[in-house]
Structure formats: C-alpha cells, structure tokens
Amino acid sequence: MICDAETGFPDHLSVAIVGAGPAGIGVARVLRDLAIPDVWVFERGQIGQSFRDWPKETRLLTPSFPGNVFGVTDLNAISFDSSPGWSLRSEHPSGAAYAQYLDQAADMFGVNVQCGIDVRAVEPVDNAFKLETSRGPVTADYVIWACGHFGAPTDAGLLGSELGRHYGTVESWDDIEEDEVFVIGGYESGIDAAIGLAQKGKNVIVLDRGAPWLDGDKDPSRSLSPYTQQRLDTFRRCLSITLLPDVEVIALEQEGSGAHILAADGRSWLSDGPPVLATGFVGGTQRVSQWFEYGEDGVPLLTAQDESTAMPGLFLVGPEVSHQGHLFCFIYKFRQRFAVVARAIAARMGADTSVLEMYYENNMFLDDLTCCDDDKCLC
Ligand SMILES: Cc1cc2nc3c(=O)[nH]c(=O)nc-3n(C[C@H](O)[C@H](O)[C@H](O)COP(=O)(O)OP(=O)(O)OC[C@H]3O[C@@H](n4cnc5c(N)ncnc54)[C@H](O)[C@@H]3O)c2cc1C
C-alpha cells in the first residue's frame, strides 16, 4: 500500500523503515516475504526521492541487464525477481526512470509506504522506539534506518563554500549560464558534472587534490566506474574538459558574481560563476548519530547483523554499511545485506525464516563477511 501524508498508519509498528530508496523498499520486501506484520516505510518525499533529485542528465553508472533467470541478478535490481534493465528498457537509467522502477517495485511487492513523512528523531522507549515524525509520534519494536546520503551534501570543510553550488543541488546542467565552469572534485560526481557541462558546450576545468581518474583500484567503490572512465575517454577527445591533479583547494573568495579559487600551494583561478562542488556526501545517519558509534574512518560501527553497536534494535541498510574496510555503497553490494537484517529481526520475533533459502539460492544473501577479508569479492 502506497499512501500520502493524509492517510493513516498504525500507532505502533513492528518495524519502521525510514527512507523509501532502494535500501528501504528492498529490505521491506524481504520482511514481507517473511510475513512480518505491521512493517511501514516512511518517506519524507516520494519513493526514490534521491534519484528524482539527481541532475536530469545523470545516469546510473552500473549497467542494468536482465540476467536474473540465469542467476545473474540485474546489478541495479533490489530483488532477484525484478530488473530495471527489463522494465525500463535501459542499460543506464536516468534518476527519474530508476525512481519509476522503485515505484513499480514497491507496488508489486505490496509493501506499505507512507510518503510525505519526515522522521525527525528516534528515541528508545520501553524496549521499543519512539519516532518523532512530521505527522506526530509513532512507536516501533525495530527501526531500520535507510536514508542514504544524497540528502546530506558536504562542502568538505572548504572555506567560502557558499560561493559554490553543490552537485547535489543541480537540477540540470542547462541551468548553468557561464561558458567556463570549474568543478572541484574529480571523482564520480565531479566527472559526471564535467561531462554533463561539456556536452552543453562549456569549457570545463576539474580540480582535484589527487588524480582519481587515474586510480586503478579494483573496487569500483574506490575508483571511477568503467562507465565513467569510458565516457571520459570518449568525451575528452572531442569536448573541452581539462583535468588538473594535485590541487588542494582550500578556499573560495568572492569576486564579482564569481569566485577566486585558492589552492594550498598558492595557485589560484578566477571563476566567472559559482564553481560546482563535487565534494561528496556525508553519511545519512546524521539525524540518529547519537545512537551509533563511529570508527576512525567515520563509518557507523555495526554488528554482523548490521545493527548499531550502540543501540540494539536499530539497524542500518544502504550505502553507509561497511565491514572490515569493505564498502557496500552500490546497490548490488548493499542489497546483499537486506536478508541478513530481515533474518535478525524475524528470528527475534520468532518467525519462520526458511523462506530466506530462496535469497541464498539467488545469490542475494551475503552473511559470510570473511569474503571481505581478501580480494575475491573485488575481482
Ligand atoms: C550521481 C550518482 C550516481 C550513482 N550511481 C549509482 C549506480 O550507478 N549504481 C549504484 O548502485 N549506486 C549509484 N549511486 C549510489 C546510489 O544512488 C545510492 O547508493 C542509493 O541511492 C542508496 O540507496 P538508499 O535507499 O540507501 O538511499 P536513497 O536512495 O538516498 O534513499 C533514501 C530516502 O530516504 C529519504 N529520507 C532521508 N531522510 C529521511 C527522513 N529523516 N525521514 C524520511 N525520509 C527520509 C530520502 O528522501 C530518500 O528518498 C549513485 C549516486 C549518485 C549521487
């Protein structure tokens, strides 16, 4: 059931899932397969809101291909029986198209989603949780936090960052008027911005403290995806994209309607308009950060069931999940943990978990984290 803010939901839930992106809808589906009652997904915008908010030219990096029946689930699918490649007829769907896939998936899976509900706080009360929402309080035995990180752009501590515009706030590269545009940050979003702008005829200069476009790490969570690399190789030949490595940008200073970009080594550039900040996103757990412990690298510390080490009953799904230095930040990675979280909750509720066999059979259940100790899951 997919509802807007005017319709109702019970006062007490067994499981409250916060966020209706691929993580929230995906884990709700597993709980539905386990026949857990009173599971609701709360979403402050619409299903797939982060994807709806992408620049309209942006496409998914990971390719979609409907290999499901041969045991190779579409990389962008949130379940083993759906495929955005098949339903959208697209290998690299746009954000709007992917949100449409999520909409259809939520409907087909029969999960309860309440849109237009902002979850403002979560507090433990009497062996359960109280969620403060924009529609008033609701309690739940378990909470699954699935807020992603697109809604939390970071300026990475850049002085004068208000003179720039963050990648996450750009609706379309058509909206940028200047002929020459500086992009600060040269990883996925920075290169996506550079290509999007160059395709609109702009002269684009990308500044980065390193040279991510040369990084050869085997894990696509740590180096440019083949899709981005391929597009960059193609478009650099025919469009105006300059990549400047080893530039540690420390500040932006007002200069007319533009900005002076200052680097740590004394170099500077004059930008006619606001530079694009491709400086990334911080974790989506900010709003509930008091209920998580964080490692030195800033990742939330989780049990082997992806439960907060500081707050039993509070689980995390999505791109912020990390174990032994292995990042689960792509859909094809973090979907492997939906069944692990759902099994933990179902087992505590005394529910039969044998249905999860089909998740094992379909290669959608990574509970053996020792695979992250070596390179075999990265090759
Ligand atoms: C430009 C770009 C390209 C990408 N390309 C790929 C790709 O090709 N393949 C891939 O696997 N990944 C890709 N990613 C990463 C992918 O988008 C994320 O990993 C994915 O969106 C995470 O899913 P999620 O459900 O955890 O979070 P989201 O999709 O961000 O969903 C979180 C939802 O929670 C809602 N929400 C947040 N806070 C609250 C609150 N307090 N109360 C209620 N609702 C709330 C939001 O509105 C949102 O709808 C890309 C990311 C970007 C930015």
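Given the structure is predicted, the values throughout are model-derived calculations rather than measurements.

S.K.: Could you give me a rundown of the sheet that holds strand S13 (residues 258-263), with the residues and numbers involved?
M.R.: For sheets, the rule is that strands pair by backbone hydrogen bonds, running either parallel or antiparallel. In spatial order, the strands read S12-S13-S14; together these three strands make up an open sheet with antiparallel pairing. The open sheet is flanked by strand S12 (249-255) and strand S14 (268-271), the only strands paired with a single partner. Adjacent strand axes in the sheet meet at a mean angle of 20° when their direction is disregarded. As paired elements, S13 and S14 share four bridges and run antiparallel to each other. Within S14, the position partnered with Ile 261 by the bridge is Trp 269.

S.K.: So, a nonpolar patch on the surface: which residues are in play, and what are the values?
M.R.: Judged by side-chain polarity, Val 69, Phe 70 and Val 72 come together as a nonpolar surface patch covering roughly 410 Å² of accessible area. Note that Phe 70 resides in the loop between helix H2 (49-52) and helix H3 (84-87). A relative accessible area of 76% places Phe 70 in the exposed class.

S.K.: Describe in detail empty space enclosed by the protein, supporting the description with residues and values.
M.R.: Going through the model one piece at a time under the given rule, you end up with one cavity of 30 Å³ or more. There is about 40 Å³ of room inside the largest cavity. Together, Trp 145, Ala 146, Cys 147, Gly 148, Gly 284, Thr 285, Leu 316, Val 317, Gly 318, Pro 319 and Glu 320 line the largest cavity. Residues that form the lining of the largest cavity fall into these classes: six nonpolar, four polar and one charged.

S.K.: So what's going on with the sheet that holds strand S10 (residues 203-207)? Residues and values would help.
M.R.: Pairing is parallel across the open sheet formed by five strands, whose spatial order is S8-S15-S9-S10-S11. Edge strands, defined here as strands with exactly one partner in the open sheet, are strand S8 (165-166) and strand S11 (241-244). Pairing analysis gives four bridges linking S10 to S11, with the strands arranged parallel. Looking at the pairing, Leu 207 lines up with Leu 244 of S11.

S.K.: Just give me the short version of the domain arrangement of the protein chain, but keep the residues and values in it.
M.R.: What the domain assignment lists for the protein chain is domain 1 (2-151 + 282-373) and domain 2 (161-277). Between the C-alpha centres of domain 1 and domain 2 the distance comes to 31 Å. Listed per partner, the contact involves 18 residues of domain 1 and 17 residues of domain 2. Counting each side, the surface lost to burial between domain 1 and domain 2 is near 1300 Å², with a carbon and sulfur contribution of 52%. Together, Pro 55, Glu 57 and Leu 61 form the three largest contributors to the area buried by domain 1 at its contact with domain 2, with a combined 39%.

What counts, and where the lines are drawn
Residues numbered from 1 in each chain as written. Predicted model: local features only at pLDDT ≥ 70, side-chain atom pairs only at ≥ 80, totals over all residues. Heavy atoms only, no water. Pairing = 2+ DSSP bridges. Helix = DSSP H or I, 4+ residues; strand = E, 2+ residues; numbered from the N terminus. Axes fitted to C-alpha atoms, helices over the stretch in contact; angles between N-to-C directions. Patch = residues over 30% accessible without salt bridge, like charges linked within 9 Å, V, L, I, M, F, W, Y side chains within 5 Å. Areas by Shrake-Rupley, 256 points an atom, 1.4 Å probe, with all protein chains shown as cover. Salt bridge = Lys/Arg side-chain N within 4 Å of Asp/Glu carboxyl O. Buried < 20%, exposed > 50% of the residue type's maximum accessible area, 1.4 Å probe, protein only. 1 Å grid on protein atoms, 1.4 Å probe; cavity = no way out; pocket = protein on both sides within 12 Å on 5 of 7 lines; lining within 4 Å. Points joined across faces, edges and corners; volume = space filled by probe spheres on them. Nonpolar A, V, L, I, M, F, W, Y, C, P; charged D, E, K, R; others polar. Domains from an automatic or database assignment. Contact = heavy atoms within 4.5 Å. Buried area = accessible area lost by both parts, 1.4 Å probe.

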